[in-house]
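The chain contents come next:
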Amino acid sequence: MTTAQKYRVGELRPSQVMFTYGIGAIADLPHLAAIIMGLEDWQRYSSPVLIEERLLEAVQKQLGKQVEELRSLPIAEEDNNANTIAGVPLAPFPTWMVCPKCDLLAPLSSGLFELHSPFNRPTETKYIHTNCPKTSQYGRKPPKVIPVRFLVACESGHLDDFPWLYFVHKGQTNCPGPLRLVEPTVSGAVTDILVKCDVCNAKRMLSDAFGNMGQQNMPTCRGRHPHLRRFDDCALQMKTMLLGASNSWFSLSLSALSLPASGSNQLAQIVDKEWVKLQITDSFDELKMLIKLSQTRGELQALIPYTVEDIWTAIAAKKEDSANRESDGDLKTPEWQALSIANPALNNEDWRLLVMMPPPDFQDYFEKIVLVEKLREVRALIGFTRIQSPGDFTDTGDVPSEFRPPISRHLPTWIPATEVRGEGIFIHFQESALQAWENQPQIQQHHHQVKEAHKNWLNKRNADLVDKIPCPDMRYLLIHSFAHALMRQLALECGYNAASLRERIYAQRATPDKMAQGGVLIYTSAPDSEGTLGGLVNLGKEKILNYHIHQALKQIEICASDPLCADHVPDHDKNSLHWSACHACLFSPETSCERGNKFLDRSLLIPTLSKENLHFFKLQNRDYV
């Protein structure tokens, strides 16, 4: 659409823009399908800046130092103003539409379809076929046309309209159509769908565009990025996919917990909190004027007890620390240090920890339990992938650049982000217990099988990725499986649904460069106060958590899908990367798991029907109630 043709057509929640309908994704609106446009089309200055220095440094590591800031998502005002263009920009895609009455298949550029946008009813925006022969002759209302449900894409992230004219004419043609998309049955199967041309009577079954036939019949990718309105060079083969397919868009996002400023200096904490306003000051006089004006408006009240000289010193120290700090993009190591040390002197309104003793029956396995009564998480959308899931990689930052389409036509100077607040339970595993378990011969042998399964799984999808995606170690599989078992149990009583709980796993063996980590943060986060109701933290107290861990382990001893679940091995089908795990015992919602329900195995926690020598927990009282 041109600037003069921007309409409000619906609403999306911030979480949807980050994880479901982000830049380059196709949003399913009530009567339209539309693609979210790149950053050049966004209203940058209609959103406030979000301060989270660690996350910004990690984003710069991925996208370049030109990224200056993180900004929250733009929100359109409820003012009924037709000229309001604030919000997330989008454009109709796919651009080919089908008339359900006469089966006409044509692009929007043909002028055969007319946009109908009722005033004050944005959700009713739609395209209609004004001159449909099956309605106009009877004086009926023109029918609403629907987006065609077939697209083409490639692993490099390109997306394009299905090449209808090329396909039905079996190659390049000068025949302009019109085309008809005929579905004689209600099954929707591609083997029943026929594409035909009214001019030259060419026809073809749509099934020729899928599978092995599709590789022979479809042209090479045109390198189109519809969200950027541009084409790149690409030599990959087009792959036909359905509109709304789950592999058409995967979010690439980074998230960081807001950690308190180092040291217990109260002024440093306040400066860190008010950094959005204070960072723009370049001189002592500017700071003096800013504080005077802000406090007149009722802002920066927390700085009243401090002199301007002390505030300027704190600002200079923070700027110097940021300039001297070299970030390697590792977001989890500082979080691990803060959670494992759990210094209550650093508690503030966005970070409040309470250290608890391990549950009585698990003192040989856990070092401590930390109740995270308050936390703030900032998430930044840095890109997306198509077909190739980022869950296949160890971390978002490990996704190769060839799989990551750009989110702007030029190098981005800002990135959309959201902030959420929540609560959680951090479980710190004993390092000695983890090492003793890892060093067992049967565990090492099992890890060898895990690496072979991972290699075979990658070879089946893309052999070029075998050396690019490392396989997690057994420590990760253990903590990951434990997190899923406990999340399923906590969701029964914490007051939050299962999709609201998330895991944040800290698992790595000691290396010359990094310390050993072994723990998991199970937390919830929401844009409002709903994420901090206290229902999850209350379950982390010693005796209560003792009960829930016992129950979690007891529930996975026998799975409803056993013996099939217990006997499952990825080598059997090479389509999965989990062992004794399924929807009945360990799988969690996509919003909860950081690895897409891969690398799960309940036999690492407790004995199962097929494996009795791999389990980490060796409890005497397994019938605890």
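Up top is the structure these notes are about.
Everything quoted here is computed from the prediction, not taken from an experiment.

Undergrad: Where do I start with the overall build of the protein in this structure?
TA: A tally of helices and strands in the protein yields 15 helices and 24 strands. For a compact globule of 625 residues, the expected C-alpha radius of gyration is about 25 Å, and the protein comes in at 28 Å, within 12% of that figure. For the protein, with 625 residues in total, the buried portion stands at 52%. A separation of at least 24 residues holds for 70% of the contacts in the protein among residues at least 6 apart in sequence. Surface summary for the protein: the accessible area is close to 29300 Å², and the carbon and sulfur share equals 50%. Put simply, the protein has 65 plus and 73 minus side-chain charges, and the middle of one group is 6 Å from the middle of the other.

Undergrad: I'm lost on the sheet that holds strand E2 (residues 33-36) in this one. Help?
TA: The strands making up a sheet associate through hydrogen bonds between their backbones, and the pairing can be parallel or antiparallel. Ordered by their spatial adjacency, 3 strands build an open sheet running E1-E2-E5, and the pairing between neighbours is antiparallel. The sheet is open, and its two borders are formed by strand E1 (26-28) and strand E5 (90-92), each paired with just one other strand. Averaged over all pairs of adjacent strands, the angle between strand axes in this sheet comes to 40°, irrespective of strand direction. Direction of pairing for E2 relative to E5: antiparallel, over a ladder of 3 bridges. Among the inter-strand pairings, Ala 34 is bridged to a residue of E5, identified as Pro 92.

Undergrad: Sorry if this is basic, but what is going on with helix H14 (residues 542-555) here?
TA: Residues spaced three or four apart along an α-helix point in a common direction, a consequence of the helix completing one turn every 3.6 residues. An ideal rise of 1.5 Å per residue puts 20 Å on 14 residues; H14 measures up with 20 Å between its terminal C-alpha atoms. Listing the buried residues of H14 in full gives Leu 545, Asn 546, His 548, Ile 549, His 550, Gln 551, Ala 552 and Leu 553. Against the buried residues of H14 lie strand E21 (366-385) and helix H13 (474-490).

Undergrad: So what exactly am I meant to see when it comes to the packing of H13 against H14 here?
TA: Think of two packed helices as two axes; the pair is described by the angle between the axes and how far apart they sit. In the contact formed by H13 and H14, the axes pass within 9 Å of each other and the chain directions differ by 110°. The orientation of H13 with respect to H14, classified from their angle, is roughly perpendicular. Crossing handedness for the pair H13 and H14: right-handed. Contacts between H13 and H14 involve Phe 482, Ala 485, Leu 486, Gln 489 and Leu 490 from the first element and Tyr 547, His 548, Ile 549, Gln 551, Ala 552 and Gln 555 from the second.

Undergrad: Please clarify how the packing of aromatic side chains should be interpreted in this entry.
TA: To describe a pair of aromatic rings, one takes the distance between the centres and the angle between the planes. This model, assessed by the stated rule, comprises 22 aromatic pairs. With a centroid separation of 4.3 Å and an interplanar angle of 45°, the aromatic rings of Phe 162 and Trp 164 are classed as tilted. The same class applies to Phe 162 and to Trp 164, which are both buried. When the centroid spacing of 6.0 Å and the interplanar angle of 50° are considered together, the rings of Phe 429 and Phe 616 count as tilted.

Undergrad: Please explain the sheet that holds strand E7 (residues 104-107) as it appears in this structure.
TA: In space, the 6 strands of this open sheet follow the order E10-E6-E7-E13-E14-E15, with antiparallel pairing throughout. Only two strands of the sheet have a single neighbouring strand rather than two, namely strand E10 (146-147) and strand E15 (203-205). In the sheet, strand E6 (residues 96-98) pairs with E10 via 2 bridges, with the strands oriented antiparallel. When the sheet's bridge partners are listed, Met 97 is paired in E10 with Pro 147.

Undergrad: Honestly, the side chain of Lys 598 in this entry has me stumped. Any pointers?
TA: When you line up the elements, Lys 598 lands in the segment after helix H15 (564-567). Discounting chain neighbours no more than four positions away, the residues touching Lys 598 are Gly 391, Asp 392, Trp 457, His 480 and Leu 577.

Undergrad: Just to check I follow, could you spell out the pattern of salt bridges for this structure?
TA: Where charged atoms of side chains with opposite charge meet at close range, the side chains can pair. Counted under the stated rule, the structure contains 26 salt bridges. Its salt-bridge partner being Asp 232, residue Arg 230 comes within 3.3 Å of it at the nearest N-O pair. The shortest N-O distance in the salt bridge between Arg 504 and Glu 377 comes to 3.6 Å. You can see Arg 504 sitting in strand E23 (residues 501-508) and its partner Glu 377 sitting in strand E21, a full 127 residues away along the chain. When sorted by exposure, Arg 504 lands in the same class as Glu 377, which is buried. Each of the salt bridges in this network shares a partner with another, and the network as a whole consists of Glu 52, Asp 350, Arg 376, Glu 419 and Arg 421.

Undergrad: What is the right way to read unusual backbone geometry from this model?
TA: Glycine aside, the phi torsion of most residues is negative, and most peptide linkages are trans. Cis geometry is adopted by the peptide bond preceding Pro 94, which originates at Phe 93 and carries an omega value of 0°. Counting through the fold element by element, Pro 94 comes out in the loop between E5 and E6. Cis geometry is adopted by the peptide bond preceding Pro 563, which originates at Asp 562 and carries an omega value of 5°. Examined against the element boundaries, Pro 563 turns out to sit in the loop between H14 and H15.

Undergrad: Please explain the nonpolar core as it appears in this structure.
TA: Soluble globular proteins: nonpolar side chains tend toward being buried together. Counting residues in each nonpolar core, the largest one holds 99 residues, and the members touching the most others are Val 59, Leu 70, Phe 366, Phe 429, Phe 482 and Phe 617. Considering each element in turn, this core owes the most residues, 11 residues, to H13. When near neighbours in sequence (up to four residues on either side) are disregarded, Phe 482 contacts Phe 366, Ile 427, Phe 429, Val 520, Ile 549, Leu 605 and Phe 617. Ranked by size, the runner-up nonpolar core spans 24 residues in total, among them Trp 96, Val 152, Trp 164 and Val 195.

Undergrad: How should I be thinking about the pairing of E2 in this particular structure?
TA: On any regular strand, side chains alternate: one points to one face of the sheet, the next to the other face. Inspection of the sheet shows E1 paired to E2 by 3 bridges, in the antiparallel sense. Among the inter-strand pairings, Ala 27 is bridged to a residue of E2, identified as Ala 34. Between the end of E1 and the start of E2, which pair antiparallel, lie 4 residues.

Undergrad: Would you mind showing me how to read the packing of helix H11 (residues 431-438) against H13 here?
TA: In contact at an axis separation of 10 Å, H11 and H13 are set at 115° when each is read in the N-to-C sense. For the element pair H11 and H13, the recorded crossing hand is right-handed. Only Met 474, Arg 475 and Leu 478 of H13 make contact with H11, whose side of the interface consists of Glu 431, Leu 434, Gln 435, Trp 437 and Glu 438.

The rules behind the values
Residues numbered from 1 in each chain as written. Predicted model: local features only at pLDDT ≥ 70, side-chain atom pairs only at ≥ 80, totals over all residues. Heavy atoms only, no water. Helix = DSSP H or I, 4+ residues; strand = E, 2+ residues; numbered from the N terminus. Rg over C-alpha atoms; globule rule 2.2 N^0.38 Å. Buried < 20%, exposed > 50% of the residue type's maximum accessible area, 1.4 Å probe, protein only. Contact = heavy atoms within 4.5 Å. Areas by Shrake-Rupley, 256 points an atom, 1.4 Å probe, with all protein chains shown as cover. Lys, Arg positive; Asp, Glu negative; His and termini not counted. Charge placed at Lys NZ, Arg CZ, Asp CG, Glu CD. Pairing = 2+ DSSP bridges. Axes fitted to C-alpha atoms, helices over the stretch in contact; angles between N-to-C directions. Expected span 1.5 Å × (residues − 1). Parallel < 35°, antiparallel > 145°, perpendicular 65-115°, else oblique. Left-handed = near helix turned anticlockwise from the far one by under 90°. Phe/Tyr/Trp six-rings, centres within 6.5 Å; stacked < 30°, edge-to-face > 60°. Salt bridge = Lys/Arg side-chain N within 4 Å of Asp/Glu carboxyl O. Core = buried A, V, L, I, M, F, W, Y, C linked by side-chain atoms within 4.5 Å.

By themselves, these are just geometric observations and shouldn't be taken as functional.
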